[in-house]
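Descriptive structure summary
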Amino acid sequence: MAGDTQTQLHGGRLIARRLRAQGVSKLFTLSGGHLFSIYDGCRAEGIEIVDVRHEQSAAFAAEGWAKVTRTVGVCALTAGPGVTNGLSAIASAAQNHSPVLALGGRAPAFRWGQGSLQEIDHVPFVAPLVKLAATAGSAAEMPGLIDRAMSASLTPHSGPTFLDFPLDYVFMEGEQQGPAATLPEPWRGAGADQQDSDRAAVLLRGAQRPVIMAGTNLYWGRGEQQLLALAEELRVPVFLNGQGRGCVPADHELSFSRARSAGLGEADVALVIGVPLDFRLGFGGAFAPEAQIVAIDVAAPERAHPRRVTAGLYGALPATLDALRDAARWAGVGSGRAGSEREAWISSLRQIEDQKRGEDAEALNDPRAPLHPMRIYGELAQLLDRDAIVIGDGGDFVSFAGRVVDSYRPGCWLDPGPYGCLGSGPGYALAAKLAHPQRQVLLLLGDGAFGFSAMEFDTLARHGVGVVGVIGNNGIWALEKHPMEFLYGYSVAAELRPETRYDQLVEALGGYAELVREPSELRPALERAFAAGRPALVNVLTDPSVAYPRRANLA
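Residues numbered from 1 in each chain as written. Predicted model: local features only at pLDDT ≥ 70, side-chain atom pairs only at ≥ 80, totals over all residues. Heavy atoms only, no water.

1. Some details on the state of the cysteines
Enumeration over the complete set of coordinates arrives at 0 disulfides. Unpaired in terms of disulfides, Cys421 finds its nearest cysteine sulfur in Cys75, a separation of 14 Å. Judged by relative accessible area, which is 12%, Cys421 ranks as buried. (Disulfide = S-S within 2.5 Å. Buried < 20%, exposed > 50% of the residue type's maximum accessible area, 1.4 Å probe, protein only.)

Put into structure tokens, the structure is as follows:
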């Protein structure tokens, strides 16, 4: 138990005790002999061990835990292939700035270089993906390394870290260390330089058509309340992407999604908060050429901005956004010329937003069979709670979801992010439901994406985790098939078997499952899935001719 008064503890127990002291309650893993001592320590210290069917899912679950709790998610990967299997998820966490700690097993130090089972030096190839990569040199070093790694994970820009523990060292005993180091809370820190805030405030005060484009680092920086206060007081429309979705409720008067092209393309001043000017924003081309861009983030960017930024505000987001609001405040917001111009701007965007939402109505109620993907989201919108956690894992099918699924609270939309790694969904869903067992957790899957991590429905069933999955089953790799046919008149490597019974697989793994062929079958099947009380899958046959319209600049 954590109150154990022994002065000498084995290395795995020292690791677990320090993790517990830092607030860790779950360890995501796949069983491996190099990790036995760590498991023993976790069992003694009261850390739940959640085992999956592939190490990639263990690392994605750790990232999912980070995404829904804004704390460090922890996974343990056995030596050699265990670590390499987790690399895609670690790379994803790096691009999402997700605070994750990956613990690696390692061949014994005393036999190093002699060809032990799964002997490979992980650090050189993991290091480029993480903020800190280190190998423990003794049992006594382990608690301090845990503190260093977790602190690094949370320090802006947040991200993953990796620690290696040689097999012999985790079985050796070491002295208990002093109290755990205090982890950083960078959102409580100082904001951006006041001169930078004043410069941005001048731009904002003079703007007729300002916008806010906010993303993932707004969420990690815990700046959603301050952003909403700024937007409301200064009357600025808000667009959100990535983990920023839900930081302003979708039904707030200043929240927009469908009008994004017009809003960004016609803005004269854009506050770009916690999101890079990457392919999702056309490498800056989503904004008008003459727009004044104010970049606001938790820290200076890791890559140079691809277009000129008029002002950069880097620091703790709550303090930065409050200071910007104070500096930009003027009397009579909402009245006089400045106020009337902004209200007209908001009104014009609302008209576009309403028009585009209206145009979606036909697809949301489409009667065809196989189903239009949008019909699925039309039905789900009537079943999802306001705090439901929705997870997207797929290409075209999830692109439709990103367009029409609304989020109302922070941390309620999880997708792979800019790295775009399929197979992330089941791990995310596992962690989300364990963190918030009373909330609906919906996992949206393309049939291609389902194949990456399908066996994790066994994990969900074994651990009694009632996630509801919905597959858009069109029998193709739609994200590749349609554009390839447009370019060449044919496609290759883009076909899957039509009408595959993924529902039968999930049923065999201990879940509840149904197949849906007709629109009339959909709503009852979804209701039964949410009421099942165990992992469920609704396998919906969708029309392969329907393609999500793509305009993103990827290169």
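2. Brief notes about a nonpolar patch on the surface
A cluster of nonpolar side chains, namely Phe486, Leu487, Tyr488, Tyr490 and Val492, defines an oily patch on the protein surface of about 650 Å² accessible area. By secondary structure assignment, the location of Tyr490 is in the loop between α20 (478-488) and α21 (502-508). With relative accessibility at 44%, the residue Tyr490 sits in the partly exposed group. (Patch = residues over 30% accessible without salt bridge, like charges linked within 9 Å, V, L, I, M, F, W, Y side chains within 5 Å. Areas by Shrake-Rupley, 256 points an atom, 1.4 Å probe, with all protein chains shown as cover. Salt bridge = Lys/Arg side-chain N within 4 Å of Asp/Glu carboxyl O. Helix = DSSP H or I, 4+ residues; strand = E, 2+ residues; numbered from the N terminus.)

3. Some details on the sheet that holds strand β15 (residues 413-414)
Taken in spatial order, the 6 strands of this open sheet run β15-β14-β16-β17-β19-β18, and their pairing is parallel. Bordering the open sheet on either side are β15 and β18 (512-516), each of which pairs with just one other strand. Packed on one face of the sheet, helix α22 (residues 519-531) meets β16 (441-446), β17 (468-473), β18 and β19 (536-541) and runs near 175 degrees to β18. (Pairing = 2+ DSSP bridges. Contact = heavy atoms within 4.5 Å. Axes fitted to C-alpha atoms, helices over the stretch in contact; angles between N-to-C directions.)

4. Some details on the side chain of Glu55
Tracing the backbone shows Glu55 in helix α3 (residues 55-69). With no salt bridge to any partner, buried Glu55 finds its closest opposite charge in Arg53, at an N-O distance of 9.9 Å. The contact partners of Glu55, leaving out residues within four places of it in the chain, are Leu30, Leu77, Thr78, Gly82, Asn85 and Gly86. (Lys, Arg positive; Asp, Glu negative; His and termini not counted.)

5. A closer look at the packing of helix α1 (residues 11-21) against helix α2 (residues 36-45)
Relative orientation of the contacting elements α1 and α2 amounts to 45 degrees, with a least axis distance of 7 Å. Relative to α2, α1 is oriented oblique. When the axes of α1 and α2 are compared, the crossing they make is right-handed. Contacts between α1 and α2 involve Gly11, Gly12, Arg13, Ile15, Ala16, Arg17 and Arg20 from the former and Ser37, Ile38, Gly41, Cys42, Ala44 and Glu45 from the latter. Its residues placed into classes, the contact of α1 with α2 shows 5 nonpolar, 4 polar and 4 charged. (Parallel < 35°, antiparallel > 145°, perpendicular 65-115°, else oblique. Left-handed = near helix turned anticlockwise from the far one by under 90°. Nonpolar A, V, L, I, M, F, W, Y, C, P; charged D, E, K, R; others polar.)

6. Overview of the pairing of strand β11 (residues 269-273)
The buried fraction of β11 amounts to 5 of the 5 residues, a majority that puts the element mostly inside the structure. Going residue by residue along β11, you find Val269, Leu271 and Ile273 tucked away on one face and Ala270 and Val272 tucked away on the opposite face as well. In this structure, strand β9 (residues 210-214) lies alongside β11, joined through 5 bridges in parallel fashion. Counted as the bridge partner of Met213 is Val272 from β11. Two elements, β11 and strand β12 (residues 292-297), share 5 bridges in a ladder whose sense is parallel. By the bridge assignment, Leu271 is partnered in β12 with Val294.

7. Thoughts on empty space enclosed by the protein
This model, assessed by the stated rule, comprises 1 cavity of 30 Å³ or more. Of the voids in this model, the largest cavity is the one considered here, and its volume is about 40 Å³. In this structure, the largest cavity is lined by Lys67, Asn96, Thr216, Gly242, Gln243, Asp415, Gly417 and Pro418. Its residues assigned to classes, the lining of the largest cavity shows 1 nonpolar, 5 polar and 2 charged. (1 Å grid on protein atoms, 1.4 Å probe; cavity = no way out; pocket = protein on both sides within 12 Å on 5 of 7 lines; lining within 4 Å. Points joined across faces, edges and corners; volume = space filled by probe spheres on them.)

8. Here's the deal with the pattern of salt bridges
In the structure shown here, the tally under the stated rule is 37 salt bridges. The closest approach of N and O atoms between Arg523 and Glu379, which form a salt bridge, is 3.8 Å. Here Arg523, found in helix α22, pairs with Glu379, found in helix α15 (residues 373-380); they are 144 residues apart in sequence, far enough to count as distant. Taking relative accessible area as the criterion, Arg523 reaches 25% and is therefore assigned partly exposed. Judged by its relative accessible area of 10%, Glu379 falls in the buried class. One connected set of salt bridges, linked through shared partners, spans Glu233, Asp322, Arg325, Asp326 and Arg329.

9. Some points on the packing of α15 against α22
Contact geometry of α15 with α22 gives a least axis separation of 10 Å together with a crossing angle of 50 degrees. Between α15 and α22, the angle is such that the two are oblique. In terms of crossing hand, the pair formed by α15 and α22 is right-handed. Of the residues in α22, those in contact with Arg375, Ile376, Glu379 and Leu380 of α15 are Pro519, Leu522, Arg523, Leu526 and Phe530. Within the contact of α15 with α22, the residues separate by chemical class into 6 nonpolar, no polar and 3 charged.

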